[in-house]
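Here is what each chain is made of, one letter per residue.
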Amino acid sequence: MYTLSINNGPFRFADAQSDQFNDGLKVTHYISDLETDLSSGDEVIVRRYCVDEKAYRYWNEYQNNNVSNAAPGNPKSNISNNALGYFSVASLKEYKLKIGR
């Protein structure tokens, strides 16, 4: 699961990718933010979290949820009483980038 921050702004969800077919092998993921135009000098921080299958399912359903629906469904929770949200402990790696000319 990926989150990103632009110019020290808050981190927001960016993408969830499955490891089903590469099983830990090196891969390239393209992470984008279609809401923000980047300019020279902007700083971007991308965090990659290694989450378990249930947390991945939550974020995958979240990203596939069509927000233009009148009443989008809640992603399936991994909390026992089906509360909205999820519980997870994850390792992370942080990547810092500066946009050049």
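Residues numbered from 1 in each chain as written. Predicted model: local features only at pLDDT ≥ 70, side-chain atom pairs only at ≥ 80, totals over all residues. Heavy atoms only, no water.

On a plain count of helices and strands, the protein chain comes out with one helix and four strands. For the protein chain, the N- to C-terminal ordering of α and β elements is β-β-β-α-β. Looking at the protein chain as a whole, 21% of its 101 residues are labelled buried. Pairs at least 24 apart in sequence give 66% of the contacts found in the protein chain among residues at least 6 apart. (Helix = DSSP H or I, 4+ residues; strand = E, 2+ residues; numbered from the N terminus. Buried < 20%, exposed > 50% of the residue type's maximum accessible area, 1.4 Å probe, protein only. Contact = heavy atoms within 4.5 Å.)

On to a nonpolar patch on the surface, then. On the surface, a cluster of nonpolar side chains totalling about 320 Å² of accessible area is made up of Ile79, Phe87 and Val89. Along the chain, the position of phenylalanine 87 falls in the loop between helix 1 (53–64) and strand 4 (91–98). (Patch = residues over 30% accessible without salt bridge, like charges linked within 9 Å, V, L, I, M, F, W, Y side chains within 5 Å. Areas by Shrake-Rupley, 256 points an atom, 1.4 Å probe, with all protein chains shown as cover. Salt bridge = Lys/Arg side-chain N within 4 Å of Asp/Glu carboxyl O.)

Below, the discussion takes up helix 1. With twelve residues, helix 1 should reach 16 Å at 1.5 Å per residue; the first-to-last C-alpha distance of 16 Å fits that figure. Elements in contact with the buried residues of helix 1: strand 2 (12–15). (Expected span 1.5 Å × (residues − 1).)

Let us look at the layout of surface pockets. Of the pockets and cavities examined, the largest pocket occupies roughly 740 Å³. What lines the largest pocket is a set of 25 residues, among which Tyr2, Gln17, Val27, His29 and Arg48 lie closest to the centre. Broken down by element, the lining of the largest pocket gets its largest block of residues, four residues, from strand 3 (residues 43–50). Classifying every residue of the lining of the largest pocket by side-chain character gives 13 nonpolar, seven polar and five charged. (1 Å grid on protein atoms, 1.4 Å probe; cavity = no way out; pocket = protein on both sides within 12 Å on 5 of 7 lines; lining within 4 Å. Points joined across faces, edges and corners; volume = space filled by probe spheres on them. Nonpolar A, V, L, I, M, F, W, Y, C, P; charged D, E, K, R; others polar.)

Our focus in this paragraph is the pattern of salt bridges. Side-chain pairs of opposite charge can arise where the charged atoms are in close proximity. Applying the stated criterion to the full structure yields three salt bridges. Residues arginine 47 and glutamate 94 are paired through a salt bridge, measuring 2.7 Å at the closest nitrogen-oxygen approach. On the criterion of sequence distance, the pair formed by arginine 47 in strand 3 and glutamate 94 in strand 4 is long-range, its members being 47 residues apart. Between glutamate 94 and lysine 96 there is a salt bridge whose closest N-O contact spans 3.9 Å.

Treat this as a map of the structure, not an account of what it does.
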